[in-house]
Amino acid sequence: MRVSTKGRYALTLMLDLAVNNTGENISIKTIAERNGISTKYLEQIISMLNRAGYVKSERGSSGGYRLSKNAEDYTVGMILRLTEGSLAPTDCVNSNENNCPKYHECATVGIWEKINNAINDVIDNITLADLVDEYRAKNTDN
């Protein structure tokens, strides 16, 4: 499994919205500047997040974006699957595309299933709120 920049930046964008949530909208330009990411690339990603209902958008002078729900309502898995599609390490364990005629006699399928289950266990049990807590713990002056 390899996560593309689209998936990584979507997670960064959602984390930025959660960390900086004051109830006010946040512009893509502000998020891009804070994170050193291209505004144009973030515009493509925010469009995908907006269509999925993960963020709310508002136009105008105080326009921008904010999370549609609370940070604890989003998992890393939700965000990565939206941007990356399947995260299965092989097609044979991708529940959406398992067309392998040798699936039931394959000696290695068990390995791929264990890897897939481990990946899903991690990403489906870490919320955006968990990442906010980790961010704040790492960025607090001690």
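About the thresholds
- Residues numbered from 1 in each chain as written.
- Predicted model: local features only at pLDDT ≥ 70, side-chain atom pairs only at ≥ 80, totals over all residues.
- Heavy atoms only, no water.
- Pairing = 2+ DSSP bridges.
- Helix = DSSP H or I, 4+ residues; strand = E, 2+ residues; numbered from the N terminus.
- Core = buried A, V, L, I, M, F, W, Y, C linked by side-chain atoms within 4.5 Å.
- Buried < 20%, exposed > 50% of the residue type's maximum accessible area, 1.4 Å probe, protein only.
- Axes fitted to C-alpha atoms, helices over the stretch in contact; angles between N-to-C directions.
- Parallel < 35°, antiparallel > 145°, perpendicular 65-115°, else oblique.
- Contact = heavy atoms within 4.5 Å.
- Nonpolar A, V, L, I, M, F, W, Y, C, P; charged D, E, K, R; others polar.
- Polar contact = N/O pair within 3.5 Å; in protein donor to acceptor, adjacent residues only side chain to side chain.
- Salt bridge = Lys/Arg side-chain N within 4 Å of Asp/Glu carboxyl O.
- 1 Å grid on protein atoms, 1.4 Å probe; cavity = no way out; pocket = protein on both sides within 12 Å on 5 of 7 lines; lining within 4 Å.
- Points joined across faces, edges and corners; volume = space filled by probe spheres on them.

J.: Just to check I follow, could you spell out the pairing of strand E1 (residues 55-58) for this structure?
T.: Remember that side chains alternate between the two faces of the sheet whenever the strand is regular. The sheet contact formed by E1 and strand E2 (residues 64-67) spans four bridges and is antiparallel. The residue bridging Ser57 from the neighbouring strand is Tyr65, located in E2. In sequence, E1 turns back onto E2 through a hairpin of five residues, with Gly60 there showing a positive phi of about 105°.

J.: Looking at this structure, I do not really get the nonpolar core. What am I missing?
T.: Ranked by size, the top nonpolar core spans 33 residues in total, and within it Leu13, Met14, Leu17, Leu42, Leu49, Ile79 and Leu128 carry the most contacts. Taken together, the elements giving at least two residues each to this core come down to helix H1 (5-19), helix H2 (28-35), helix H3 (39-51), E2, helix H4 (76-84), helix H5 (109-123) and helix H6 (128-138). Here the element with the most residues in this core is H1; it accounts for eight residues.

J.: Which parts of the structure should I look at to understand the packing of H1 against H6?
T.: When two helices pack together, you describe them by how their axes are tilted relative to each other and by the distance separating the axes. Closest axis-to-axis distance for the H1/H6 pair is 10 Å, and the angle between their directions is 75°. When the axis of H1 is compared with that of H6, the two are roughly perpendicular. Residues Leu11, Met14, Leu15, Ala18 and Val19 of H1 pack against Leu128, Leu131, Val132, Tyr135 and Arg136 of H6. Residues of the contact of H1 with H6, tallied by class, amount to nine nonpolar, no polar and one charged.

J.: How should I be thinking about the side chain of Thr83 in this particular structure?
T.: Tracing the sequence through the fold places Thr83 in helix H4. Its relative accessible area of 10% is what places Thr83 among the buried residues. At 3.1 Å, the side chain of Thr83 and the backbone oxygen of Ile79 are in polar contact. Residues within four places of Thr83 in sequence aside, it is in contact with Lys6, Gly7, Ala10 and Met48.

J.: I would appreciate a short explanation of the pattern of salt bridges in the present structure.
T.: Side-chain pairs of opposite charge can arise where the charged atoms are in close proximity. Taken as a whole, this structure holds four salt bridges when the rule is applied. For Asp124, the salt bridge goes to Arg81, with nearest N and O atoms at 2.8 Å. Taken together, the residues span a long stretch of sequence, with Asp124 in the loop between H5 and H6 and Arg81 in helix H4 at a distance of 43 residues. Using a relative accessible area of 31% as the deciding quantity, one classes Asp124 as partly exposed. Given the relative accessible area of 32%, Arg81 is considered partly exposed.

J.: Sorry, what's going on with the layout of surface pockets here?
T.: If you roll a probe as big as a water molecule over the atoms, it shows you where there is empty space left. As a volume, the largest pocket reaches approximately 180 Å³. Forming the boundary of the largest pocket are 13 residues, of which Asn21, Leu67, Lys69, Asn70 and Ala71 lie nearest the centre. When residues of the lining of the largest pocket are traced back to their parent elements, those giving at least two are E2 and H6. Among the elements that line the lining of the largest pocket, the one with the most residues is H6, at three residues. Classifying every residue of the lining of the largest pocket gives five nonpolar, four polar and four charged.

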